[in-house]
Amino acid sequence: MNYADWKEKFETISGITITPFKKDSREIDWDGVKENVEFLIQRGVKVIVPCGNTSEFYSLTIEEAKEEIKRVVEYVDGRAVVLAGIGYSVETAIDMGNYAKAVGADSVMIHMPIHPYITNEGAYEYFKSIIEGVNLPSCIYFKDPNLSDDVLVKLAPLEKLVAVKYAVNDLPRFTNTVQTVSSEHHIAWICGTAEKWAPFFYNAGAVGFTSGLVNLYPEKSFEMLNALKSKNEEIVWKVWKEVVPFENLRAKYNSGNNVVVIKEAMEQIGLNAGITRQPVSALNEADRKELTELLESWGFVPNLVK
């Protein structure tokens, strides 16, 4: 495998899938997963990310996460790159990554370790061990501002590291890291904080961005991407103004609204998103009203009859 060729695969939108849960049992609605993947594929999304944070990864059991990866690979059926989220302990992440390879995933996204005690050297060893232990192209999801970007600089020479989903909204810091890592390592730098931050990261060296909005309004996400690629500043900032209220609503309560705003919006416009699992609660009425008004301003006709 020529890992250097992987950079161009991420010069696009990485669509983070949602995991629909049934209202009464909170079991995964697999028909809903299939519908949502098909929605993304039919609208041109070329990188599908099951088991991301917007997929409520940490609300899934290991067995459920593996099943989600397996089914998404089946549903995608070679029509897009499947970037499978993996994480937890080193051993668990490697096991999940090798399972993802066995069922046909194209690459893996390694979640930031969730641990109360983490050091730069420890994070380096964590990511390095997983990258070396899984025989697939790897993307690091980097979102802890307390860790040094030196971790990424040290990891960059690893052949199987092909992308970094950077989710620390510190643009000078990001720019310095992109400039420090040699282009010979062929790292695809991805804005990990969606459309609101995409224009800024793009101008600092990102080649693509992640999106939750794409689950309900992919046309707007692609309008942003195409404007960034063509350097059409007028369209970039027009789209930015349209999506910022949505992303601000997701960012409320220390990003506690991140997933539920996506799911509520999907449900309001007739898509199958299901409910959330604990510790994510339902959207409160004030936020729900704000979301409904925003959807109406975008031209959707929300169906508020549940």
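Once a new chain begins, its residue numbering starts again from 1 and follows that chain's sequence as written. Whole-chain, interface and lining totals are the exception, using all residues; otherwise, since this is a predicted model, local features are given only for residues with pLDDT of at least 70 and side-chain atom pairs are given and counted only at 80 or more. Only heavy atoms go into the side-chain values, all of them from the structure, while hydrogens and water stay out.

Where an unreviewed UniProt entry is consulted, the protein chain appears under the name Dihydrodipicolinate synthase family protein, with the organism given as Fredinandcohnia salidurans. UniProt positions are given in the numbering used here, feature names are shortened, and annotations may be inferred rather than shown by experiment. According to UniProt, the comment filed for the protein chain under the heading Sequence similarities (unreviewed entry) is "Belongs to the DapA family."

### A look at the state of the cysteines
Disulfide: a pair of cysteine sulfur atoms within 2.5 Å of each other. The final tally for this structure, using the stated rule, is zero disulfides. The closest cysteine sulfur to the non-disulfide-bonded Cys51 is located on Cys139, 14 Å from its own sulfur. Taking relative accessible area as the criterion, Cys51 reaches 0% and is therefore assigned buried. Note on Cys139: no disulfide assigned, nearest cysteine sulfur contributed by Cys191 at a separation of 12 Å. Taking relative accessible area as the criterion, Cys139 reaches 0% and is therefore assigned buried. Think of it in three bands: with a 1.4 Å probe and only protein chains considered, a residue is buried below 20% of the maximum accessible area for its type, exposed above 50%, and partly exposed in between.

### Points about the sheet that holds strand S7 (residues 188-191)
Whether two strands pair depends on DSSP finding at least two bridges between them. Elements are defined by DSSP. Helices are runs of H or I of four residues or more, strands are runs of E of two residues or more, and each kind is numbered from the N terminus. Taken together, eight strands build a closed barrel; the order of strands is S1-S2-S3-S4-S5-S6-S7-S8 and the barrel is parallel. Taking each pair of neighbouring strands and ignoring which way they run, the sheet shows an average axis angle of 25 degrees. Where strand S4 (residues 107-110) and strand S5 (residues 138-142) come together, three bridges link them in parallel fashion. In the strand pairing of S5, Met109 is matched with Cys139. Together, strand S1 (13-16) and strand S8 (208-211) form the strand contacts of helix H8 (residues 218-230), whose direction differs from that of S8 by roughly 170 degrees. Convention adopted: a line fitted to C-alpha atoms gives each axis, helices being fitted over their contacting stretch, and angles between N-to-C directions are expressed from 0 to 180 degrees. Contacts between residues were defined by any pair of non-hydrogen atoms, one from each residue, lying within 4.5 Å.

### A few points about the nonpolar core
The biggest cluster of nonpolar side chains holds 89 residues, and the ones touching the most others in it are Phe142, Tyr166, Trp189, Leu216 and Phe246. For Tyr166, the residues in contact, after removing those within four places along its chain, are Phe142, Asp149, Leu152, Arg173, Phe174, Trp189, Ile190, Cys191, Gly192, Thr193 and Phe201. Counting residues in each nonpolar core, the second largest holds 17 residues, with Ala163, Ala167, Ala188 and Val207 among its members. Take the buried Ala, Val, Leu, Ile, Met, Phe, Trp, Tyr and Cys residues and link them wherever side-chain atoms come within 4.5 Å; each set so joined is a nonpolar core.

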